[in-house]
Structure formats: C-alpha cells, structure tokens
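# A structural walkthrough
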Amino acid sequence: MENDIILLYHVDSLNVWDRNLSVPRVEINVPFCINNAVQTECVDIYFIPSRLGINFHNEQVQALPLLISMERIRKANFEGYTFYFAKDDYVRTNEKAVRIYISKDGVFHADEYVHMKGTRIEKKTVYHLDDTVRVNEHFYKLCCLTEDWEHFYMREIIDIDTNPAEKLLPVCIMEKLNPFFGEEKEYMLIDFWGTWCNPCIKGLPELRALYELVRNKYVFVSVCFDEPNNFEKAKQIFEGQHIEWKQIFEDVRKGSDAITRSLKINTFPSVLLIDRKGKIMFQGKGQKGFEELKKLLLE
C-alpha cells in the first residue's frame, strides 16, 4: 500500500452500535501472491462491534472491543429475497471463491433436503456461482458478478427437473444403519447429538414425545458425536431421560468414515429421515428442523 490508512472511532460509539451492523467499510487495494505473481485485489476492511467475545488465547486480543473483517461484501435484493456476496479468499479464482448467502424475511437459507410427495427441494447455507437457487416458484442459475462487484447476473431456468434421481446414502453408511431397521419398519429417523451440545440435551424430551407418537412406523437412532470418554455420560443421559432407542457412538477424532463426517453434519442437533433403501426423505437442523420434521411425521 502506498499510504497508511488510519480509522479512528470514539470508544463511546460502542454503546450505540448494533451488533448486526458494522462501521462503514473502506476499500483498499491489497497485493496478493496469485499463481506465483503479485496481483492487487480490492478488499473491504471494516470493524464489527465485539459484543459476544472472541475465542483467542491472548488476553490483549480478547480485550479488543472490535473485530476486524477483511473481505469484500455486497448485498442485493430480488423478488423479496436478499442476496449477500462475500469473498475473503483471494488466492482461489474459481467460482468457489465467492460465498453467497440468501435470506427472506430475515431468515437465512440453511442446509436442508426434503424429498416428499414427488418434489425435491434443496437449500444451502452457502451458495456459489453456478449453483441453482429457487426464488418463489422460479429457478435461477447464479451466473456471475461483474469485476467491480456492482452488478450480479442470474439466469432463469425454464425447464428444470424438480424430481431428479433419488439421492441415496452411501453403501458404507447404510451398512452401519441397516441392523437397526429390523423387519417391520420402513423409515428411520437419525438424531445427531453430543453431550457437549446443550440444545441437543434440552430437546431430548420433545424428541422422546415424538417417538412415542410415531414409534410404530419409524425407527429412531441417535448418533452421539463426542469424545470417547463422554460415551458413558451419553448413556446416562439417555437413561435419565427414559429413552429407549439405540445410539451409535462416533469419535470426534475419526476421519471421513464416521457417519457424521461423511454426511457433513456440522450443526447440532440435526435430524435425518431415510427409508430402507437409504433415500433421504428429510434433513433439517436445530429447533426449526425438528418442528418441520414433527409436522411431516404427524401429517
């Protein structure tokens, strides 16, 4: 950079800033080494009030009242939806370098997969260029951002198959789950949790109540993703909650062979509904996912 950029804000500003807002950004050109050559990229630098604390093992950093963000961000509105674009990886130049978040009425898309009544609907927490997104009753391909990030282009897809080939769990995962099906049940509900997850434990009574209502039709299995020294604690929690269904214990240190990692479950609690063939009927996370699942099972 040719000149230093100094940003000063009075400490009292922290008393009035909303944690969802940030100080106005400053655009600067920063040199990056891309493909063994120095290349400048326009970067947005801005401060975010640190209201929830940060997890650095450094007392001086921990005491900072501000978080510093260094990425490029833009926002666009379309048909009642808000699209957020972000890029903080300037080494990658492909479509994965730009992250796209989509919200409607303040609720962001989350990783969800529903396959019911002949229709497939898929949402993502993070989209990328070339992905397809559903906006109301229409489908669009996320095409490109202009170089100056002032315009974003989507293309409506007229002919789209909303019921593509079935999405099945890998054989290696079904080999672990098949023994729990027994001979009578066609569907299995899988609950992903851990003893370290307070919302998971808090939601167990509701999950047990749902089990009592649908146990004649659905098999329940919980996958405890935890440290091995907590497995006994997990058993005690289930006993204390009078939960009858089986658990699968997975070491958090395991690689991709674990069910949790293979399915890229990164939010707890999460729920997955499959049939005997391994077809995913529903996938959701958190309380919202549970409420949607409950509505689905009780229809």
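## So, the overall build of the protein
- Each helix and strand in the protein was counted, giving seven helices and 17 strands.
- Taken over 299 residues, the protein has a buried fraction of 40%.
- A separation threshold of at least 6 residues defines the contact pool for the protein, and within that pool the share at least 24 residues apart is 55%.
- Carbon together with sulfur atoms contributes 50% to the accessible area of the protein, which is approximately 18,300 Å² in total.

## Some thoughts on the state of the cysteines
- For the structure shown, the criterion picks out one disulfide.
- Note on cysteine connectivity: C197 is disulfide-linked to C200, with sulfurs 2.2 Å apart. Here the disulfide of C197 and C200 is right-handed, its torsion about the S-S bond being about 80 degrees.
- For C197, a relative accessible area of 3% translates into the label buried.
- The buried category is assigned to C200, whose relative accessible area is 4%.
- You can see C144 has no disulfide; the closest cysteine sulfur is in C143, sitting 6.1 Å from it.

## What about the confidence of the model for the protein?
- This prediction gives the protein a mean pLDDT of 78; 72% of its residues lie at or above 70.
- Overall, residues 114–119 carries pLDDT values under 50, and its contacts beyond four positions in sequence, including any with other chains, amount to 15 contacts.

## Quick notes on the pattern of salt bridges
- Summed over the entire model, instances satisfying the criterion amount to seven salt bridges.
- In this structure, R215 and E244 form a salt bridge, with 2.9 Å as the shortest nitrogen-oxygen distance. Taken together, the residues span a long stretch of sequence, with R215 in the loop between α4 (204–214) and β14 (218–226) and E244 in the loop between α5 (231–240) and β15 (246–251) at a distance of 29 residues.
- Given the relative accessible area of 28%, R215 is considered partly exposed.
- One salt-bridge network, held together by shared partners, links E212, R215 and E244.

## Focus: unusual backbone geometry
- F268 connects to P269 through a cis peptide bond whose omega is -5 degrees.
- Inspection of the secondary structure assignment puts P269 in the loop between α6 (259–262) and β16 (270–275).
- The backbone of D105 sits at a positive phi, close to 55 degrees, despite the residue not being glycine.
- Assignment of secondary structure puts D105 in the loop between β6 (99–104) and β7 (107–108).
- Given a relative accessible area of 72%, D105 falls into the exposed group.

## Concerning helix α7 (residues 286–297)
- Here α7 contains twelve residues, and its C-alpha end-to-end distance of 17 Å stays within 8% of the 16 Å for a straight helix at 1.5 Å per residue.
- Turning to α7, its buried residues number three or more, namely G289, F290, L293, L296 and L297. Take α7 and look down its axis: the buried residues cluster within an arc of 125 degrees, on one side only.

## Notes on the nonpolar core
- Core analysis: the biggest nonpolar cluster contains 46 residues, and L169, L177, F192, F220, L273 and I274 have the highest contact counts within it.
- Sorting the residues of this core by element identifies α2 (171–177), β13 (187–193), α4, β14, α5, β16, β17 (280–285) and α7 as the ones contributing at least two each.
- When residues in this core are grouped by element, the largest group, seven residues, is from β14.
- Listed in part, the 15 residues of the second largest apolar core include F83, F85, I100 and I102.

## Describing α5
- Where α5 is concerned, the buried positions are F231, A234, I237 and F238. End-on view of α5: buried residues confined to an arc of 110 degrees, all on one side of the axis. With respect to the buried face of α5, the exposed residues turned more than 90 degrees away are E239 and G240.
- In the core, the buried residues of α5 are packed alongside β13, α3 (198–202), α4, β14 and β15.
- H242 occupies a position one or two residues after α5 and carries a positive phi of about 60 degrees.

## Some points on the sheet that holds β7
- The sheet built from four strands is open, its strands ordered β4-β5-β6-β7 with antiparallel pairing. Single-partner strands in this sheet number two, and they are β4 (72–78) and β7.
- The pairing of β4 with strand β5 (residues 81–87) spans seven bridges and is antiparallel. Paired with N77 across the strands is T82, a residue of β5.

## Focus: the packing of α4 against α7
- Where α4 meets α7, the axes come as close as 11 Å, and the angle between the chain directions of the two elements is 10 degrees. Our classification of the angle between α4 and α7 gives roughly parallel. Crossing handedness for the pair α4 and α7: left-handed. Across from E206, L207, L210 and V214 in α4, the residues of α7 making contact are Q287, F290, E291, K294 and L297.
- Here the residues of the contact of α4 with α7 are counted per class, giving five nonpolar, one polar and three charged.

What counts as what
- Positions within a chain are numbered from 1, following the residues in the order the chain's sequence is written.
- Local features in this predicted model are restricted to residues whose pLDDT is 70 or higher, and side-chain atom pairs enter the listing and the counts only when it is 80 or higher, whereas totals over whole chains, interfaces and linings include all residues.
- Hydrogen atoms and water are omitted, and side-chain values are computed over all heavy atoms in the structure.
- Secondary structure follows DSSP: runs of H or I at least 4 residues long count as helices, runs of E at least 2 residues long count as strands, and numbering of each begins at the N terminus.
- Throughout this description, buried means an accessible area under 20% of the type-specific maximum (1.4 Å probe, protein chains only), exposed means over 50%, and partly exposed covers the range between.
- A contact between two residues is defined here by any heavy atoms of the two lying within 4.5 Å.
- Values of accessible area rely on a 1.4 Å probe in the Shrake-Rupley scheme; residue burial ignores everything except the protein chains shown.
- Any cysteine sulfur atom paired with another within 2.5 Å is treated as part of a disulfide.
- How sure the predictor is of each residue is captured by pLDDT, a score from 0 to 100.
- Here a salt bridge means any side-chain nitrogen of Lys or Arg lying within 4 Å of a carboxyl oxygen belonging to Asp or Glu.
- What a helix is expected to span follows from its residue count: subtract one and scale by 1.5 Å.
- What the arc covers is the set of directions going from the helix axis to the C-beta atoms.
- Remark: nonpolar core denotes a set of buried residues (Ala, Val, Leu, Ile, Met, Phe, Trp, Tyr, Cys) joined through side-chain atoms within 4.5 Å.
- Strands are treated as partners if at least two bridges between them are detected by DSSP.
- For helices, the fitted axis covers only the stretch in contact; all axes are lines through C-alpha atoms, and the angles between them, taken along N-to-C directions, range from 0 to 180 degrees.
- The labels follow the angle: roughly parallel below 35 degrees, roughly antiparallel above 145, roughly perpendicular from 65 to 115, and oblique for the rest.
- For any helix crossing, the convention is left-handed if the near helix is rotated counterclockwise from the far helix by under a right angle, and right-handed if that rotation is clockwise.
- Each residue gets one label: Ala, Val, Leu, Ile, Met, Phe, Trp, Tyr, Cys and Pro are nonpolar, Asp, Glu, Lys and Arg are charged, and the others, such as Gly, are polar.

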